[in-house]
Structures are given as structure tokens and as C-alpha cells.
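Residue-level listing of the chains:
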Amino acid sequence: MQGRNPPTTTGGEAARTNSKRNSGYSGAGSPRLARCRKSGRRAAKFRRESELWAARGTHKTIHKPSHDQIADLMRRRRSRGTNRWVSDDEIEKWVEEEQWAIENSLDMMNEQIDFITNNELVTVPSHGSIPEVVEDGIVRMVSVQVNSMSTARVRNRKAAELQEVVRRYNPHLIGIGEVGINWNCARNGQRLLSLFPELEKDSQSATAHNSHLSKRIGVHQMGGVGQIIRGELLGFHKRKSLSKDFRNLGRWVSTVFSGCQGHTTTVIQAYRVRSVRSKEMGSMEQQHIRYMQKNGLQGNPTGMFDSDLLNQLQVWRANGDRLILMMDANEHVLTGKLCRRLSDASIGLREVTKDRLGSLCPNTHASGSIPIDGVWATPDVEVVNVKWLSFDESPGDHRACLIDFTSRSVVGTDGKRIVRPACRRLTSSNQQSVDNYLREMERQWDIHRMDQRLAAIEMASAGVTPLPPELAAAAEKLDRQAAEIQRHCEKHCRKIYRSEIPCSPEVSLWDKRGKMFTRMLAALAGRVKNPGVLYKKARKLGIQSPRRWTEEQIRHGRHIAKAWKRRLSLSAPSLRTDHLTQRLIEAEATGDTERATAIRNMLTRESNSNMWSQLSWAFKDNGGRANAVSRI
């Protein structure tokens, strides 16, 4: 009957149906039946997620698992593939996090649908320009508003997006607003850098959150800011120079960089409370109202923020500090009440992105119409480049702002850029790269007749002392050519892919479709020599009748592919694990022990990729302060 939902099939029923359709032996314990069960469970899981998606805007009841079911799920998930013992405290925190995600699943899904509908299918270009390679004498900073990273699903996606921005532009300081984590209730040893495994090495972080609330509220808390210092700036930064909002409400955090001859610059990351009062008990407005009522303060949270920040800026300026303020002002950055007062003579801040670009960014929030994010600096700080990233490139629902300052104006000296060694393509643990290296080495060795030339030199120099100059030159030339062949073979032994999210067949399909739509646009413009081959590959990816697609349809399809990738990024780690597990089962079923061992090693390596960085952080020298591990 039309208008009714089809009956839901369980994982076991799907597995039995698939096993009946397949030919061959499907008895109990057979590899085929095991694969069918797994595919059936995966299909049932997808139908449950589709049911959640379809329940948007309806009164359909979504059953929530109990506390014991979530605890058992978290225990099995954490101990899968390892022998690590998990404490009851960790389980309780995971259960709390999972329950919060389940209770707010519909709201989170609605936000994702609205964001995809309103923003993903609209082309929003970046504003300004900045070189990807940081030049000598430049200090690069980036300010992002992540809009909460409290749950694992959202945290993994936004952390991957921020790490991609860092890989591409390599900033020295990262300002993060609206972190949304109560660090008093975080797991033992967890900090801001723990959310970004690729940034933990050679980095330091500072955070601020509302510390007046009870620990019993859980790890989820709106508001909070943070900073991450990396690279050359670490040499001018001292941990004692970190300071937070003096009311401990998590409204701003600052870092002081001390250079030559008393040169001091303070960098502030701030979040201004909205003037519109929210009725939600956990909102920043309600947090600050409760604080004001408890301490007998008059006014409103916005007015308290404005007066407190202005007073603090005046104190810093009176001490002779140069100031850089990165802030989500929640008002127009030029005509707003607070923003106009930032240019007072006692502070002297100016909005530098407009000064450098000549015009303001159209809108810095995805659903807004005015610029509410900005970067202010004192006149003695020199700005070189500014770029507002598009919403597709930025983590969260605000544009990320990249800005270059001269290092002489920030730290008083021209800093030298640290050039780190490139990743080695040839590693003994990667057997495929070793085989490709040896194969290419033998081919190049035969092309250049290295053995024959070496034998000729040995025959000509037999019994001859001293060695004639022409033979010595020929031997030196042969040695240089052998070194060039080695470098060439190592360069071509494998390709290094750095994916934004963990790779799996589902993620790879939509990634290839997005790239195919880009190539189809090039084919329409006449920049593809053989469009027939391109359209044949497009049909293999499920793009029907690619020759008939118009430019508007192709651009629409490319944005849909990006939206699907963003949606799949929430479950990308589990999809990656399921994919490798399925390949492992197939390899063991066919008796391919070598391939099974390689896949098992890959699973272990990916699950323990950040172990050594965590150990380095736990045992490193913290300048006399207690380490995360103080005794054993």
C-alpha cells in the first residue's frame, strides 16, 4: 500500500535471505554465512539510521537503549582488539556522553539537515588570499568557532576538519571558540590537544571554561575557549604567561609572547555572550545570569562581558603590551556597541581584516547576514595577509580567519621557519613499497647498464696504481648516478595519501563522485582530451547519462557529494574498521595468511597510532609542574 513505511527487516532475517540467494555451501560456521550475517547487520543498522532520519518532524517514537545496554556497548567497543582494562569511571563517562547524544539525536540531525539544505548547496567563496607556505619572518594565526566538540561523533568530524586546515596552512597559533567541554569532568589526562592527535607533538594548549558549575553536570557545557601554540612561537611563550577570564566564566583566554628587549605581545581568544536571552538552562546566558544572581551583580551578561573585557584590555595596554584580539562579537564588527569602544584612545584597537582587504567579509556565520567575527590589533602590529575561508573549509558554522603578522612586530625578531623532514616513502614495514622499490631499481639498473660499466672500470683498473684520473672520474660519475637512481626509486615506490577522513568503500565512492563532477566541468569547458573515457568512468560510479548533464546539474551534484561526505564523516572511523575487518575475514576464509597478517597489522597500527604521542606528553618536562604521570 502506498503511503506506508515498508516492514523493517532485522539483521538475522537479512542474513538468512542473503544466504539463501547465494549458491554454494552455506552451512553453520561457513565463511559465506558469516559474511551474510555481517552484511545483514550492517543493512539493518542503515535502516535504523534511515528510520531516525525519516522521523524528523514527526511524532514517531525512537526507542532509547537503557543505561546497562550503553555501558555494555562502551565496554565492548573500548576493549575490542585489546586487553586493556577499563575502569568504571571511564565507563560512566562514556555512558553519559552516549546518553546525551541519544537524547539530542533528533536536534543534532535537524541541525545537520538544515545546514546541508541551507549552506552545502550554495557556493560561498573565500574572502581574501593567503599563501599556503609560510614565509620566513611571518607569524600565522587562525581563529575558528567550532560550536561545541562535546560528543564523539561531532568531535571527530570537526577535529579532522581543523587538522586539515592546519596541514594546509600550518599556522603558529590556533584560537578556538565555543569548545563546549567542561574540563573538570573530562577523562583523566584529557586536554584540548588530546582532541587533535596530529597536533599533540611540539604544541602547547590553554583552555578556559565556566568552572563555577558543579562537576555533576557532566562533560557537556556550552561556551569555553582555547588556544594551541605551535612551531616557532613556542620559543617565545612561557606557561606562566597564560591567563583566563578573571571571573572564571570561560569568556576569554590569553597568551603572552615575550621577545627581545622587553617586546611583549598578548593574543586573546574571546567569545562574547549574545544580547538575546536564551531560555535554555545550559546556555551561556543562563550560566552568567546565575553567576550574577549568586554574587549580587546588577545588569546583564552582555554588559558584564563588555565592561570586564574593556577593563582588562586597558590594563594590558597600560603595561605596554601589544594586543591581538580574535573574537566572536555576536554583533557587527564595526557598528556594534562593544566594537566601537575597542577603538578608544586608552585601548587603540582596529579591525585589521577590513584594513588589509579594503572590505569586510559578507557574513561570517552560516545563517547570518553581517560579519560578527573579527580580528583586532593595535597599530604597532603589522598585518601582511588575511583570508576568510569558505564555510565548506571551516570547522563549525562560522568562517575561519587566517591572518599573517610580521614576526618582528609580534616577537621583536625575524624568526626562521622550521623545515621538518618529509615523510619516508620507503619503509621496511610496508612490503608493497619495498617490492616496488626493488622492481624499479632493477629496471633503472638495466637501463643505465650499471653492471657492465662497473665491470669495465674494474677491468681497466686491475693492477694499475695509482688510478688514472679518467678512471677515477668515471667511478665517481657511476657512484653519483647510483645515488640518483636510489632517490628516484624511493620517490616512486608508493604514493602517500592524506585523506580528510578515514577511508572506506562508502567514503571513497562519494569522494570519487565529487572529483568526477569536477572533471566533468572541465570536460564541458573543453579541457579534457578524451571525454569518452571520462564518461565511461562516470557511469561506473553510478552517474547515469553523464553526457546530458548541464553545468548547473554538475555543480549541484558536486555539492551533494560534499554533503554526503560530511554526513559519512560522523561514522567514518567505524566504517573503516568494518571494512578492514571484512577484508580480514575474507583473507582468513581463503587461507591467505600473508594478506590476513598484513590487514591485522594495519588494524593494530591504526588503533594505536597516537599511543607514543600520548606517552611523550605524559612524561615530558613540564617546567617543574606535576606531569600527568607523577608516580608508578
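Small disclaimer: the values here were computed from a predicted structure and weren't measured.

Draft legend 1. Structural context of the packing of aromatic side chains. Under the defined criterion, the tally for this structure stands at 4 aromatic pairs. Between Trp 510 and Trp 564, the aromatic rings sit 5.2 Å apart at their centres with planes inclined by 5°, giving stacked as the arrangement. Taken as a pair, Trp 510 in helix α15 (residues 505-524) and Trp 564 in helix α17 (residues 551-568) lie far apart in primary sequence, 54 residues in all. An aromatic cluster is defined as three or more aromatic residues linked by ring pairs; in this entry it consists of Phe 246, Trp 252 and Phe 305.

Draft legend 2. Molecular detail of the side chain of Glu 331. By the element assignment, Glu 331 lies in the loop between β9 (322-328) and α9 (337-341). Judged by its relative accessible area of 12%, Glu 331 falls in the buried class. For Glu 331, the side chain forms a polar contact with the side chain of Arg 272, separated by 3.3 Å. Separated by 3.2 Å, the side chain of Glu 331 and the backbone nitrogen of Cys 339 make a polar contact.

Draft legend 3. Inspection of the sheet that holds β9 at higher detail. Pairing is mixed across the open sheet formed by 6 strands, whose spatial order is β6-β7-β8-β9-β11-β10. Edge positions in the sheet fall to β6 (243-244) and β10 (350-351), since each has one partner strand and no second. Here β6 pairs with strand β7 (residues 252-258) via 2 bridges, running antiparallel. Residue pairing in the sheet places Ser 243 in a bridge with Ser 254 of β7.

Draft legend 4. Structural view of the sheet that holds strand β13 (residues 401-406). Taken together, 7 strands build an open sheet; the order of strands is β1-β12-β13-β2-β3-β5-β4 and the sheet is mixed. With one partner strand each, in any of the chains shown, β1 (127-129) and β4 (203-208) form the two edges of the open sheet. With strand direction ignored, the average angle separating the axes of adjacent strands in the sheet is 20°. Bridge analysis of strand β2 (residues 138-145) against strand β3 (residues 173-177) gives 5 bridges, and the strand direction is parallel. Within β3, the residue paired with Ser 143 across the bridge is Gly 175.

Draft legend 5. Looking closely at the pattern of salt bridges. Going through the model one piece at a time under the given rule, you end up with 22 salt bridges. When the shortest N-O distance is used, the salt bridge between Asp 308 and Arg 247 registers 2.5 Å. With a gap of 61 residues between them, Asp 308 in helix α8 (residues 301-318) and Arg 247 in the loop between β6 and β7 connect regions that are remote in the sequence. This pair shows no difference in class: Asp 308 is buried, exactly as Arg 247 is. A salt bridge links Arg 317 to Asp 380, with the nearest nitrogen and oxygen atoms 3.7 Å apart. Here Arg 317 is found in helix α8, whereas its partner Asp 380 is found in the loop between β11 (373-377) and β12 (383-388), with 63 residues between them in sequence. We classify Arg 317 as partly exposed; its relative accessible area is 25%. The class for Asp 380 is partly exposed, based on a relative accessible area of 28%. A cluster of three or more residues bridged by salt bridges with shared partners is formed by Asp 245, Arg 247, Arg 251 and Asp 308.

Conventions we followed
Here, residues in each chain are numbered from 1, in the same order as that chain's written sequence. At least 70 in pLDDT is required for a residue's local features to be given in this predicted model, at least 80 for side-chain atom pairs to be given and counted, and no such filter applies to totals for whole chains, interfaces and linings, which use all residues. With hydrogens and water excluded, all non-hydrogen atoms of the structure serve as input to the side-chain values. Here a Phe, Tyr or Trp ring, Trp counted by its six-membered ring, pairs with any other such ring whose centre lies within 6.5 Å, and the pair is stacked when the planes are under 30 degrees apart, edge-to-face when over 60, and tilted otherwise. Only DSSP runs of H or I reaching four residues or more are called helices, and only runs of E reaching two or more are called strands; each is numbered from the N terminus. Only protein chains enter the calculation, and the probe is 1.4 Å; a residue is then buried if its accessible area is under 20% of its type maximum, exposed if over 50%, and partly exposed in between. Between N or O atoms, a polar contact is any pair within 3.5 Å; within protein, one atom must be a potential hydrogen donor and the other a potential acceptor, and residues adjacent in sequence are included only when both atoms are from side chains. DSSP bridges decide pairing: two strands pair if at least two such bridges lie between them. Simply put, an axis is a line fit to the C-alpha atoms, just over the touching stretch for a helix, and the angle between two N-to-C directions goes from 0 to 180 degrees. The salt bridge definition used is simple: a Lys or Arg side-chain nitrogen within 4 Å of an Asp or Glu carboxyl oxygen.

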